[in-house]
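Overview (structure and organization)
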Amino acid sequence: MAQSMEIPRRLIIAVGGNALQAAGTQGTPTEQMDVAAATAHALLPILQLDNELVFTHGNGPAVGKLLLRNAFARDRVVPMSLDILVADTQGATAYILAQAFENALREVGNPRHVAGLMTQVEVDPDDPGFKNPTKPIGYFFSESDAAALMAEVGWKMKEDAGRGWRVVVASPQPKHICDISLVDALMKQGTVVIAGGGGGIPVVRDEKGRRHGVEAVIDKDLTTALMAKILNIDTMMILTAVSRVAVNFGKPTQRDLDRVPVSEMRKHLADGQFPAGSMGPKVEAAIQFIEGGGKRAIIGSLDEALPALRGETGTHIVPDGEA
């Protein structure tokens, strides 16, 4: 990155579901706490800034685990609906992350508070996503194991970017963030807010204005982009396991992307450069954010969060004419 970027006063950051469960682990309570502590220390330079800050997070590994428990314990324990499973993982993840963030802050003598908010997100009951489940969640299975599970419990499963077979569920577009004014108020007080976890608890509103949960998992990056727009945040950061987005990934012609105009990024997306199960939703959310009026969307590594924010690493998607 050729130029140093100004640190924004108001910022939204999305961290993946692997912020609590690292690859190759079982996701035990101790492992989750350890991974959350590592996440907190990686983000500590940003947590210590004098800024207005909100985090969102994924829940793919966790909600998939609960879905598996639902299936295997269904004859002994009444299964819960998917919206309740999202709520369960949203609350648990916010608890673990908030504790880890505050512990890291206290270690350096910083009194800043962290608050996790239960967040409902309204979707359209007629969203086509309900008819075509595409959102992969949970564990990876071999093709034979996936076939057995589909036959036994009736799941819909698909191969996910060469990594194995996963359950796929409905993933409608987020339309409204419920009680977003509470997020805004806490941010303005200097509290670090954790909200919209797992994309938010999916709900629809009836003709009397009453909300009802639906069976879905909303993409957390798309929810992050919508939250940023409503909160008038002009910089959005999506943190993942790689330093930059690449085209022709894994091929001899692989090319990392640095500072990219939104129209070029949309072309790469249309060309199928970014798989739906991995980088695709992140790029789509970044495009939506910029086309909705955002100034900069950053996709980068969790371990390089502050350097990416400064413009030293990461892929930066910007409006056309500013690349």
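Our subject is the structure listed above.
Here's a quick rundown of the structure. Computed from a predicted model, the values in this text were never measured in an experiment. (Residues numbered from 1 in each chain as written. Predicted model: local features only at pLDDT ≥ 70, side-chain atom pairs only at ≥ 80, totals over all residues. Heavy atoms only, no water.)

1. Looking at helix H8 (residues 280-291)
Between its first and last C-alpha atoms H8 spans 16 Å; for 12 residues at 1.5 Å apiece the expected length is 16 Å, and the two agree. Among the residues of H8, Gly280, Pro281, Lys282, Val283, Ala285, Ala286, Ile287, Phe289 and Ile290 are the ones counted as buried. On its buried side, H8 packs onto helix H6 (220-230), strand E12 (235-240), helix H7 (262-270), strand E16 (296-301) and strand E17 (315-318). (Helix = DSSP H or I, 4+ residues; strand = E, 2+ residues; numbered from the N terminus. Expected span 1.5 Å × (residues − 1). Buried < 20%, exposed > 50% of the residue type's maximum accessible area, 1.4 Å probe, protein only. Contact = heavy atoms within 4.5 Å.)

2. Concerning the sheet that holds E17
The sheet built from eight strands is open, its strands ordered E3-E9-E2-E1-E12-E16-E17-E15 with mixed pairing. Strands with a single pairing partner mark the edges of an open sheet, and in this sheet they are strand E3 (114-116) and strand E15 (259-261). Strand-to-strand, the axes of this sheet are offset by a mean angle of 20°, without reference to chain direction. Strand direction decides the pairing type here: strand E2 (residues 52-57) and strand E9 (residues 192-194), joined by two bridges, are parallel. Its bridge partner being in E9, Phe55 is matched across the sheet by Ile194. The strands that H7 touches are E15 and E17; relative to E15, the one it contacts most, it runs at about 85°. (Pairing = 2+ DSSP bridges. Axes fitted to C-alpha atoms, helices over the stretch in contact; angles between N-to-C directions.)

3. Description of the sheet that holds strand E8 (residues 174-177)
Strand order in the open sheet formed by four strands is E8-E4-E10-E11, and the pairing between neighbours is mixed. On the outer flanks of this sheet lie E8 and strand E11 (211-213), each paired with one strand and no other. The sheet shows a mean angle of 45° between the axes of neighbouring strands, direction not considered. Across three bridges, strand E4 (residues 120-123) lies against strand E10 (residues 201-205) in parallel orientation. Bridging from a neighbouring strand, Gln120 pairs with Ile201 of E10. Docked against the sheet, helix H3 (residues 82-107) engages E10 and E11, running at close to 135° with respect to E10.

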